[in-house]
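Results of the structural survey
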Amino acid sequence: MDDLGTPIELSKHLEAALHDAGVSVQLVTIDDAPKLAPLTHPVPVNTAIENFIVSQSSMNRPPTPRLIISPWDEDLKGVGWVPPSDIIDSDDSHEEEGTKLFGTDDTEVLELASKFVN
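One structure accompanies this document, and this report is about it. For every chain, the first residue of its written sequence is number 1, and the numbers climb from 1 along that sequence. Restriction of local features to residues with pLDDT of at least 70 applies here, the model being predicted, together with a cutoff of 80 or more for giving and counting side-chain atom pairs; totals for whole chains, interfaces and linings are based on all residues. The basis for every side-chain value is the complete set of non-hydrogen atoms in the structure, without hydrogens or water.

1. A closer look at the overall build of the chain
Broken down by element type, the chain carries five helices and zero strands. Ordered by position in the sequence, the α and β elements of the chain form the string α-α-α-α-α. Residues counted as buried form 19% of the 118 residues belonging to the chain. When checking whether two residues touch, look at their non-hydrogen atoms; a contact exists if any pair is within 4.5 Å. In the chain, the share of contacts with a sequence separation of at least 24, taken over all contacts with a separation of at least 6, comes to 54%. Surface accessibility in these figures is a Shrake-Rupley result with a 1.4 Å probe; residues are shielded only by whichever protein chains are displayed. When the accessible surface of the chain is totalled, it reaches about 9000 Å², and 58% of it is carbon and sulfur. Under the DSSP-based scheme used, a helix requires at least four consecutive residues in state H or I and a strand at least two consecutive residues in state E, with every element numbered from the N terminus. Residue burial is assigned from relative accessible area. The probe radius is 1.4 Å, only protein chains are included, and a residue is buried under 20% of its type maximum, exposed over 50%, and partly exposed in between.

2. Comments concerning unusual backbone geometry
One non-glycine residue with positive phi stands out, namely D32, at about 60°. If you trace the backbone, D32 turns up in the loop between α1 (8-20) and α2 (37-40). The class for D32 is partly exposed, based on a relative accessible area of 41%.

3. Observations regarding the pattern of salt bridges
Here a salt bridge means any side-chain nitrogen of Lys or Arg lying within 4 Å of a carboxyl oxygen belonging to Asp or Glu. For the structure shown, the criterion picks out one salt bridge. A salt bridge links E74 to K77, with the shortest nitrogen-to-oxygen separation between them at 3.5 Å. Remark: K77 and E74 occur in helix α4 (residues 73-78); sequence separation between them is three residues, near one turn of the helix. E74 gets classed as exposed once you look at its relative accessible area, which sits at 59%.

Keep in mind that these numbers describe shape and distance, not what the molecule does.
Below you can see the structure in the form of structure tokens.
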């Protein structure tokens, strides 16, 4: 999905500029992910973030918990969020496309997000 606010060409330019300035940076693209990819594609987004953080550390780390409960779950449920049953992948395979939390229409995500802003 094209990001009108930050086209991939601009993201690549920013990545190169940061790299040239000595900043450790990785550009990760997720197919069909909209601007709110952390909401619509949490598995690949969280995996990319985790992999980057781990790549920057020389320390051994404990295993990643398989289940993480958000302190905002109840608030989100109160405005209509239904937790997906397939968000936790048991085989550590992150190659599938992102899990859609709110259906296939980004409008649902924007409507839910606006309830927290307004």
